[in-house]
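Fold and contact review
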Amino acid sequence: MSLSPTGALRHSGSLFAMALDVLRTMPRRPFQVREFIQQAWFVASVTILPTALVSIPFGAVIALQIGSLTRQLGAQSFAGAASVLAVLREASPIVTALLIAGAGGTAICADLGARKIREEIDAMQVLGIDPIHRLVVPRVLASMVVALLLNGLVSVVGVAGGYFFNVVLQNGTPGAYLASFTTLAQLSDLWAAELKALVFGAIAAIVASYKGLTAKGGPKGVGDAVNQSVVITFMLLFVTNFVMTAVYFQVVPQRG
């Protein structure tokens, strides 16, 4: 990737243009059902176990920090509410996004990059086959669906891990922990987290596909493209998360 300002702007514009092409091509028929199913299964197979394992320490750290804070403030009855709110609203979509980008996105970028350096993409274009429609759209939709489902998995595992560490390690009260779930959290928090996961999955897949389709320089170029896709995706995810969270706070009234 060029480090010059004009090079950065050119790559940013090309990435945005590809995102628009993906949105424009999604309704086109025929839909690549087989490719979508294969990619969804592949992304899920490489992300489900790591996501579940990563969400346990996330929930544990949140529970331990919040449990200690609420105990100092004399508000132990709100430990469950604060833990659920933190896991549901922020931890779940972030963990999902990082795993989708780190595991699924790198695989997508490597696959398309290998096809690019073998000139398979050029051959498809010569035959009149649109690589965006044939290869990119199924991968983007697969990442979005898997991210949506993984967000629910992270929420369940994170809340369960937080309950275990708060009740078992910090001698919290199980009834108070469970009864306070709906004190601060609300159903709109879950829908916002699901929307975040959907957007994050699309961003990860689009960036990985773009870097894969623009890879050059042989196998080393594919490796560089994979590294760059992870870095770019992480930066975009954190910026997007900030923007969506700020908009959510302005639109949805919060419980006191």
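In this text the structure is predicted, and so the values were computed from the model without any measurement.

Here we come to the packing of aromatic side chains. Tallied over the entire structure, the rule returns two aromatic pairs. Relative to Phe249, the ring of Tyr248 lies with its centre 6.0 Å away and its plane at 50°, an arrangement referred to as tilted.

Looking at where Leu213 falls in the secondary structure, it is placed in helix α8 (residues 187–213). The spatial distance from the C-alpha of Leu213 to the C-alpha of Pro131 is 8.9 Å, given a sequence separation of 82 residues.

A few words on the pattern of salt bridges. Evaluated as defined, the whole model comprises nine salt bridges. With its nearest N and O atoms 3.4 Å apart, the salt bridge here joins Asp130 to Arg28. A residue pair is termed long-range when its members are at least 10 positions apart, and Asp130 in the loop between α4 (120–126) and α5 (131–169) and Arg28 in the loop between α1 (5–25) and α2 (33–73) qualify at 102 residues. The exposure class of Asp130 is partly exposed, given its relative accessible area of 27%. Exposure remark for Arg28: the relative accessible area of 33% places this residue in the partly exposed category. Residues Glu35 and Arg139 are paired through a salt bridge, measuring 2.8 Å at the closest nitrogen-oxygen approach. Taken together, the residues Glu35 in helix α2 and Arg139 in helix α5 connect sequence positions 104 residues apart.

Now for the side chain of Ser92. Position of Ser92 relative to the elements: it lies in helix α3 (residues 79–117). Within the structure, the side chain of Ser92 is placed 3.0 Å from the side chain of Ser155, a separation counted as a polar contact. In contact with Ser92, other than residues within four places in its own chain, are Val87, Asn151, Val154 and Ser155.

The subject of this paragraph is the side chain of Ser155. Within the fold, Ser155 resides in helix α5. In terms of polar contacts, Ser155 uses its side chain to reach the backbone carbonyl oxygen of Asn151, at 2.9 Å. Apart from the residues within four sequence positions on either side, Ser155 is in contact with Val87, Leu88 and Ser92.

A word on the nonpolar core. Grouped together as the largest cluster of nonpolar side chains are 44 residues, with contacts concentrated most on Ile100, Ile132, Val136, Val140, Val146 and Leu213. The set of elements that each furnish at least two residues to this core consists of α1, α2, α3, α4, α5, α8 and α9 (218–251). If sequence neighbours within four positions are ignored, Val140 has contacts with Val22, Met26, Ala202, Ala205 and Ile206. Counting residues in each nonpolar core, the second largest holds six residues, with Ile62, Val84, Ala91 and Val159 among its members.

This paragraph deals with the UniProt feature "transmembrane region" (unreviewed entry) in the protein. Those residues carrying the UniProt feature "transmembrane region" (unreviewed entry) are residues 40–62, 94–114, 140–165, 190–210 and 230–251 in this numbering. Across residues 190–210, helical content stands at 100% and strand content at 0%; the span's end C-alpha atoms are separated by 30 Å.

On to the environment of Met144. Locating Met144 in the fold gives a position in helix α5. Overall, the relative accessible area of 18% leaves Met144 in the buried class. Among residues more than four places away in sequence, those in contact with Met144 are Met26, Leu198, Gly201 and Ala202.

Turning to the packing of α8 against α9, a few remarks are in order. Two elements in contact, α8 and α9, have axes whose closest approach is 9 Å; the angle formed by their N-to-C orientations is 155°. By the angle between their directions, the pair α8 and α9 is classed as roughly antiparallel. Handedness of the α8/α9 crossing: right-handed. Contact residues: α8 offers Ser188, Asp189, Ala192, Leu195, Lys196, Val199, Phe200, Ile203, Ala204, Val207, Ala208 and Lys211, while α9 offers Ala225, Gln228, Ser229, Ile232, Thr233, Leu236, Leu237, Thr240, Asn241, Met244, Thr245 and Tyr248. Within the contact of α8 with α9, the residues separate by chemical class into 14 nonpolar, seven polar and three charged.

Calculation notes
- Numbering of residues starts from 1 in each chain and follows the order in which that chain's sequence is written.
- The model is predicted, so local features are restricted to residues of pLDDT at least 70 and side-chain atom pairs to those at 80 or more, both for listing and for counting; the totals for chains, interfaces and linings are taken over all residues.
- No hydrogens and no water enter the side-chain calculation; it runs on all heavy atoms of the structure.
- Pairing of aromatic rings covers Phe, Tyr and Trp, the last through its six-membered ring, and needs centres within 6.5 Å; plane angles under 30 degrees mean stacked, over 60 mean edge-to-face, and all others mean tilted.
- Where helices and strands are cited, they refer to DSSP runs of H or I of at least four residues and of E of at least two residues respectively, numbered from the N terminus.
- By definition, a salt bridge exists where a carboxyl oxygen of Asp or Glu is found within 4 Å of a side-chain nitrogen of Lys or Arg.
- Think of it in three bands: with a 1.4 Å probe and only protein chains considered, a residue is buried below 20% of the maximum accessible area for its type, exposed above 50%, and partly exposed in between.
- Counted as a polar contact is a pair of N or O atoms within 3.5 Å, where, for protein atoms, one must be capable of donating a hydrogen and the other of accepting one, and residues adjacent in sequence contribute only when both atoms are in side chains.
- Contacts between residues were defined by any pair of non-hydrogen atoms, one from each residue, lying within 4.5 Å.
- Residues belong to one nonpolar core when they are buried, are Ala, Val, Leu, Ile, Met, Phe, Trp, Tyr or Cys, and are joined through side-chain atoms within 4.5 Å.
- UniProt positions are given in the numbering used here, feature names are shortened, and annotations may be inferred rather than shown by experiment.
- The convention used is that axes are lines fitted to C-alpha atoms, helices contributing only their stretch in contact, and that angles between N-to-C directions extend from 0 to 180 degrees.
- Here the angle decides the label: under 35 degrees means roughly parallel, over 145 means roughly antiparallel, 65 to 115 means roughly perpendicular, and every other value means oblique.
- The handedness criterion is simple: a crossing whose near helix is rotated anticlockwise from the far helix by less than a right angle is left-handed, and one whose near helix is rotated clockwise is right-handed.
- When residues are sorted by character, Ala, Val, Leu, Ile, Met, Phe, Trp, Tyr, Cys and Pro go into the nonpolar class, Asp, Glu, Lys and Arg into the charged class, and all the rest, Gly among them, into the polar class.

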